[in-house]
Amino acid sequence: MSLLQVAGLTCRFGGLVAVNRFDFAVESGEIVGLIGPNGAGKTTVFSLLTGFLRPDGGHIVFDGTPLAGMAPHEICLRGMVRTFQNLKPFPRLTIRENVMVGAMARTAERKLSTRYADEALELMGLADMANRMPNELPIGHLKMLEMAKALATLPRLLLLDEPYAGLTPSEGAQLGDLLQQIRKKGVTICLIEHVMRFVMAVCDRVVVLHHGEKIAEGNPTAVASDPMVIKAYLGRAYAGS
Amino acid sequence: MRKLALPSLAGVILLVYPLMVRNRFFLHLSVMVLLYALLGVSWNLLGGYTGQISFGHAAFFGTGAYTSTLLLLRFGISPWLGMLVGAVLALLLSLPLGWLTFRLRGPYFALSTLAFAEIVRVIVYNWDTLTGGGDGLNISTDLGGVVRFYYIILALTVAALLVAGACVRSRWGYFLNAIREDEDAAEALGVPATRMKVIVLAISAFFVAIGGSFFASYQLYINPDLVYESQISIQMIVVTIVGGIGTLEGPVVGALIIVPLSEYFRSLSPVANPLIYGLFIVVFMLFLPQGIVSGVQRLLTRRTAAVADQHVSASV
């Protein structure tokens with residue numbers, strides 16, 4: 001059975017249908033890309049999956065359990081955790097304390113939670129600056145911090161909202177390796193990203209969302225040459241060529 | 001060992017203080033300082049650590065005061081037992097308030113605390129068959145002298161400090177800080193934000209009601225304007241902010257400064273008192289917006305940083 005199974009997911013904001021009967025599945029061990037033009041509804045899907053928004057229709061089953069009506073923290077403790085597109089560090093906590101929050105939510109045992117936090121800091125290359133404050137760190141490191149915070153909750157499925165955006169080219173190159181390392185630890189990854197080069201390089205499979213509907217799905221190379229996808233991104237004129 | 005030196009010294013001073021000082025006014029002032037330290041510590045757990053600003057904690061203060069007083073007057077129940085009943089009642093009263101308003105983000109909690117305190121005050125004012133209305137309630141039983149009350153409020157304040165300290169040093173400390181800094185991010189990382197806010201409000205209400213109950217037994221007279229007044233809510237906030245919001249010692253330091261000052265200003269001129277007092281707070285906020293405790297901490301770290309820099313440049 002799939003780790004995450006979504007069927008007929010629908011979300012409306014007033015008259016606008018942000019997500020429309022979206023079917024989607026993530027298999028254990030995959031790295032899946034969720035792509036689409038601005039306003040396609042990608043972040044809305046993440047918010048629906050993690051309980052920040054209530055769907056107007058459809059089912060979400062994670063690891064065999066339907067998630068209907070669950071609060072974000074309950075979903076996190078079941079093993080699905082998200083990061084945010086706009087960075088959300090806790091500004092008055094040190095880097096280690098930032099990461100400890102999620103680890104503490106996972107377990108009340110301080111020895112264990114300290115270990116989870118240290119492992120996450122180590123993996124994301126933040127161990128040296130664990131006692132610094134977030135405002136002392138450049139954007140690239142803050143993005144790593146967001147991932148470290150999420151990893152310290154010991155997720156089984158990690159939802160990353162634009163992890164590549166804002167990174168320097170060298171940081172971006174490292175990110176691909178990092179994601180592979182995270183996957184090796186048994187964490188499945190689903191990410192939203194605009195930079196196609198990155199998506200093609202790291203994702204096993206991509207799903208394309210346009211106006212809240214799935215228009216294509218498959219391996220990255222095939223999807224990138226799909227006329228429907230090119231039309232959605234660039235307009236009709238480019239689709240024929 | 002050095003870490004324990006200062007608290008134990010303070011402890012000894014606080015314990016022998018009433019034996020050395022015989023002046024009744026100073027003893028009364030000390031009782032009020034300790035009472036406001038208790039209130040500030042309780043308010044701070046919710047307002048400082050969790051970032052949920054309440055303008056209506058007088059509702060819990062008054063509930064504590066009225067519960068123990070009514071139990072004493074109607075049923076002859078000891079006010080020290082009534083204090084516990086009042087605290088539990090305030091805790092129960094806080095639950096629907098938290099449950100209703102903490103689901104909403106933004107200023108809704110702060111706004112509803114204002115209305116909440118006013119509703120409770122109006123009910124107590126008008127339910128005169130039970131509460132005596134605006135005439136208030138008189139306690140004619142002798143409950144002991146000022147020295148006895150000093151030791152009681154000292155014990156209560158220390159208890160509140162210990163509970164607040166235990167809360168913020170446990171995993172809850174991480175949760176409360178995270179909720180204050182960014183509630184969505186906290187929720188996303190598995191922190192049960194709404195439940196934590198309701199629990200902390202309940203603890204806070206519990207200890208504030210204990211303070212109210214103590215106040216009633218100490219003053220031997222209460223009426224709605226005295227114990228449900230917004231001034232009570234405001235003073236808890238002022239004490240906390242001046243001392244250092246979100247620090248454990250802050251409200252104690254704040255009470256030590258604010259309570260004698262407001263007494264002093266009141267004796268200067270009863271009419272101009274609020275004006276002078278208000279001006280003082282404005283000036284204070286301008287120069288020490290983080291409060292005394294954080295201000296001193298920053299000064300100390302700056303000095304140690306400067307010393308460290310000197311060492312570095314000397315070695316170079």
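Residues numbered from 1 in each chain as written. Chains lettered and ligands numbered in written order. Predicted model: local features only at pLDDT ≥ 70, side-chain atom pairs only at ≥ 80, totals over all residues.

**Student:** So what's going on with the overall build of chain A? Which residues, and what values?
**Tutor:** Regarding its fold elements, chain A presents 10 helices and 10 strands. The globule rule puts the C-alpha radius of gyration for 241 residues at 18 Å, and the 18 Å found for chain A is close to it. For chain A, the spread of C-alpha atoms along the three principal axes comes to 55 × 40 × 35 Å. Buried positions account for 44% of the 241 residues belonging to chain A. (Helix = DSSP H or I, 4+ residues; strand = E, 2+ residues; numbered from the N terminus. Rg over C-alpha atoms; globule rule 2.2 N^0.38 Å. Buried ≥ 20, exposed ≤ 12 C-beta atoms within 10 Å, placed from the backbone.)

**Student:** A description of the overall build of chain B should follow, citing residues and the corresponding values.
**Tutor:** On a plain count of helices and strands, chain B comes out with 15 helices and 2 strands. Rg of the C-alpha trace for chain B: 21 Å, near the compact-globule value of 20 Å for 316 residues, within the 12% margin. Reported as C-alpha extents along the three principal axes, the dimensions of chain B are approximately 80 × 55 × 40 Å. Each of the 316 residues in chain B was classed as buried or not, and the buried ones make up 44%. In chain B, the share of contacts with a sequence separation of at least 24, taken over all contacts with a separation of at least 6, comes to 76%. (Contact = placed C-beta atoms within 7 Å.)

**Student:** Lay out the domain arrangement of chain A with the relevant residues and their values.
**Tutor:** Residue and element names in this part refer to chain A. Looking at the assigned domains, one finds that chain A contains domain 1 (4-79 + 155-239) and domain 2 (88-153). Relative placement of domain 1 and domain 2: their C-alpha centres are 24 Å apart. Sorting the residues of the side of domain 1 that touches domain 2 by element identifies α2 (72-78), β7 (157-161) and α6 (169-184) as the ones contributing at least two each. Looking at the side of domain 1 that touches domain 2 element by element, the count peaks at 3 residues for α6. Per-class residue counts for the side of domain 1 that touches domain 2 are 8 nonpolar, 3 polar and 1 charged. (Domains from an automatic or database assignment. Nonpolar A, V, L, I, M, F, W, Y, C, P; charged D, E, K, R; others polar.)

**Student:** Account for the sheet that holds strand β1 (residues 4-13) of chain A, naming residues and giving values.
**Tutor:** All names here are of chain A. Spatial strand order, β2-β1-β4-β5: 4 strands in an open sheet with antiparallel pairing. In this open sheet, the two edge strands, each paired with only one partner strand, are β2 (16-26) and β5 (65-66). Taken together, the 2 bridges between strand β4 (residues 57-62) and β5 define a ladder with antiparallel strand orientation. Considered in β5, the bridge of Phe-62 is made with Thr-65. Packing of helix α1 (residues 42-49) onto the sheet brings it into contact with β1, β2 and β4, and relative to β2 it is tilted by some 65 degrees. (Pairing = 2+ DSSP bridges. Axes fitted to C-alpha atoms, helices over the stretch in contact; angles between N-to-C directions.)

**Student:** Outline the pairing of β4 of chain A, listing residues and values.
**Tutor:** Residue and element names in this part refer to chain A. The pairing of β1 with β4 spans 5 bridges and is antiparallel. Its bridge partner lying in β4, Ala-7 is registered against His-59. Counting the residues that bridge the hairpin from β4 to β5 gives 2 residues, and of these Asp-63 lies at a positive phi of roughly 55 degrees.

**Student:** Hey, could you go over the interface of chain B and chain A for me, with residue numbers and the actual values?
**Tutor:** Contacts between the two partners involve 16 residues from chain B and, on the opposite side, 23 residues from chain A. Among the secondary structure elements, those contributing two or more residues to the side of chain B that touches chain A are α8 (171-181) and α9 (183-188) of chain B. A class-by-class count of the residues in the side of chain B that touches chain A yields 9 nonpolar, 2 polar and 5 charged.

**Student:** Could you give an account of the environment of Ser-68 of chain B, with specific residues and numbers?
**Tutor:** On the secondary structure map, Ser-68 of chain B appears in helix α3 (residues 58-75). Considering only alpha carbons, one finds Ser-68 of chain B and Leu-275 of chain B, 207 residues apart in sequence, at a separation of 34 Å.

**Student:** With reference to specific residues and values, describe unusual backbone geometry.
**Tutor:** Phi angles above zero are rare outside glycine, and Arg-21 of chain A is one such case at about 40 degrees. Following the sequence through the fold, Arg-21 of chain A ends up in strand β2. A tally of 14 C-beta atoms within 10 Å means that Arg-21 of chain A is categorised as partly exposed. A positive phi is found at Leu-220 of chain B, a non-glycine position, where the angle reads about 65 degrees. Position of Leu-220 of chain B among the secondary structure elements: in the loop between α10 (193-219) and β2 (221-222).

**Student:** So what's going on with the environment of Phe-280 of chain B? Residues and values would help.
**Tutor:** All names here are of chain B. Inspection of the secondary structure puts Phe-280 in helix α14 (residues 273-287). Since 17 C-beta atoms lie within 10 Å of it, Phe-280 is described here as partly exposed. Sequence separation of Phe-280 and Ile-258 is 22 residues, and the distance between their C-alpha atoms is 9.9 Å.

**Student:** Let's hear about the pairing of strand β10 (residues 213-218) of chain A: which residues, and what values?
**Tutor:** Residue and element names in this part refer to chain A. The sheet contact formed by strand β9 (residues 205-210) and β10 spans 5 bridges and is antiparallel. Residue His-210 lies in a different strand from β10, and its bridge partner there is Glu-213. Between β9 and β10, which follow one another and run antiparallel, lie 2 residues, and His-211 among them has a positive phi close to 50 degrees.

**Student:** Give a description of the sheet that holds β9 of chain A that names residues and reports values.
**Tutor:** For sheets, the rule is that strands pair by backbone hydrogen bonds, running either parallel or antiparallel. All names here are of chain A. Strand order in the open sheet formed by 6 strands is β6-β7-β8-β3-β9-β10, and the pairing between neighbours is mixed. Of all the strands in the sheet, the pair left with one neighbour each is β6 (80-82) and β10. Here the strands of the sheet are splayed against their neighbours by 15 degrees on average, with no regard to which way each runs. Across the sheet, α1 touches β3 (31-35), β6, β7, β8 (188-192) and β9, and the angle it forms with β7 is around 145 degrees. Against the sheet, α6 makes contact with β3, β7 and β8, and its axis sits at roughly 145 degrees relative to β8, the strand it touches most.

**Student:** Can you lay out the nonpolar core for me, pointing to particular residues and giving the numbers?
**Tutor:** Within the largest apolar cluster, 154 residues are counted, with the highest numbers of intra-cluster contacts made by Val-101 and Ala-148 of chain A together with Leu-38 and Ile-153 of chain B. If sequence neighbours within four positions are ignored, Ile-153 of chain B has contacts with Val-31, Leu-34, Leu-35, Leu-38 and Phe-214 of chain B. (Core = buried A, V, L, I, M, F, W, Y, C linked by C-beta atoms within 7 Å.)

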